[in-house]
Amino acid sequence: MSNPPIPEPPDASREGPIRSDSAASPSWRPVWLSAAALLGGLACVSVFLEYFVAHRLPPLTEATLDAAEKRWSQAGPPSYDLDLEIRGAEPGPVHLEVRNGEVVAMQRNGITPDQRRVWDVWAVPGQFETLEREMQLAADPVHQMDASADTRLSLQCEFDAQYGYPRQYHRLVYGGGPEVYWRTMKFEPK
């Protein structure tokens, strides 16, 4: 009886490395998917905290606006420097210098606007006028903003306790329309 020939092992130098069964090797795909899902979840939590917790401001009412304007008229300095951060449709920094109630210097995104009326909008009295207009918009967004019937505005504002100027303002829009936000970064009486 003859014995069958014994096969020789493959020559590793000619055929490449020996591969194991793919079912037996670990797959990194579930690990990467889990990591991506975790990072996405953390990003969502961060956005939620930023908009719904960190910027939680008191509601803007006629009473709070009137009280702030009264405080400003009694205690607001006639000369001040003001730096604002604006977010929304046209985000960017604003710097104002007001002397004796008049804006003498203004920059938006590092550029001085040609139209002087733009300068006055961001001075404290101009901010109060903007807030009054915002309250009119919120009362009737359909007619005032040409918004859809389901549009609702939530106005939130925090005023400075000493001088009365708006420290932060946020207009949240539900149902479509531009969101508005500004925050005082520096207020320095002169």
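Rules behind the numbers
- Residues numbered from 1 in each chain as written.
- Predicted model: local features only at pLDDT ≥ 70, side-chain atom pairs only at ≥ 80, totals over all residues.
- Heavy atoms only, no water.
- Patch = residues over 30% accessible without salt bridge, like charges linked within 9 Å, V, L, I, M, F, W, Y side chains within 5 Å.
- Areas by Shrake-Rupley, 256 points an atom, 1.4 Å probe, with all protein chains shown as cover.
- Salt bridge = Lys/Arg side-chain N within 4 Å of Asp/Glu carboxyl O.
- Helix = DSSP H or I, 4+ residues; strand = E, 2+ residues; numbered from the N terminus.
- Buried < 20%, exposed > 50% of the residue type's maximum accessible area, 1.4 Å probe, protein only.
- Phe/Tyr/Trp six-rings, centres within 6.5 Å; stacked < 30°, edge-to-face > 60°.
- Polar contact = N/O pair within 3.5 Å; in protein donor to acceptor, adjacent residues only side chain to side chain.
- Core = buried A, V, L, I, M, F, W, Y, C linked by side-chain atoms within 4.5 Å.
- Contact = heavy atoms within 4.5 Å.

Chemist: Any details on a nonpolar patch on the surface? Residues and values, ideally.
Modeler: On the surface, Trp28, Val31 and Trp32 cluster together into a nonpolar patch covering about 420 Å² of accessible area. Relative to the elements of secondary structure, valine 31 occurs in helix H2 (residues 29–54). On the basis of relative accessibility, which here comes to 43%, the residue valine 31 falls in the partly exposed class.

Chemist: Lay out the packing of aromatic side chains with the relevant residues and their values.
Modeler: Given two aromatic rings, one states the distance between the centres and the angle between the planes to describe the pair. Throughout the structure, instances matching the rule amount to 8 aromatic pairs. Ring plane angle 90 degrees and centroid distance 5.5 Å describe the contact between tryptophan 72 and tyrosine 80, whose orientation is recorded as edge-to-face. The same class applies to tryptophan 72 as to tyrosine 80, namely buried. What links up through ring pairs into an aromatic cluster is the set Trp72, Tyr80, Tyr163, Tyr165 and Phe187.

Chemist: Tell me about the environment of arginine 87, residues and numbers included.
Modeler: Among the structural elements, arginine 87 can be located in strand E1 (residues 80–88). Polar contacts involving the side chain of arginine 87 include one to the side chain of glutamate 85, which spans 3.2 Å.

Chemist: Describe the nonpolar core, listing the residues and the values that go with them.
Modeler: Judged by nonpolar contacts, the single largest core of 31 residues is most densely connected at Leu60 and Leu131. Elements with a minimum of two residues in this core: helix H3 (62–75), E1, strand E2 (92–99), strand E3 (102–108), helix H5 (124–139), strand E4 (152–159), strand E5 (166–174) and strand E6 (180–189). Per-element accounting of this core gives the leading share, 5 residues, to H5.

Chemist: Mind laying out the side chain of glutamine 127, listing which residues take part and the relevant values?
Modeler: Within the secondary structure, glutamine 127 sits in helix H5. By relative accessible area, which is 1% here, glutamine 127 ends up buried. In this structure glutamine 127 touches Leu82, Leu84, Val121, Trp122, Pro166 and Trp182, once residues within four positions along its chain are discounted.

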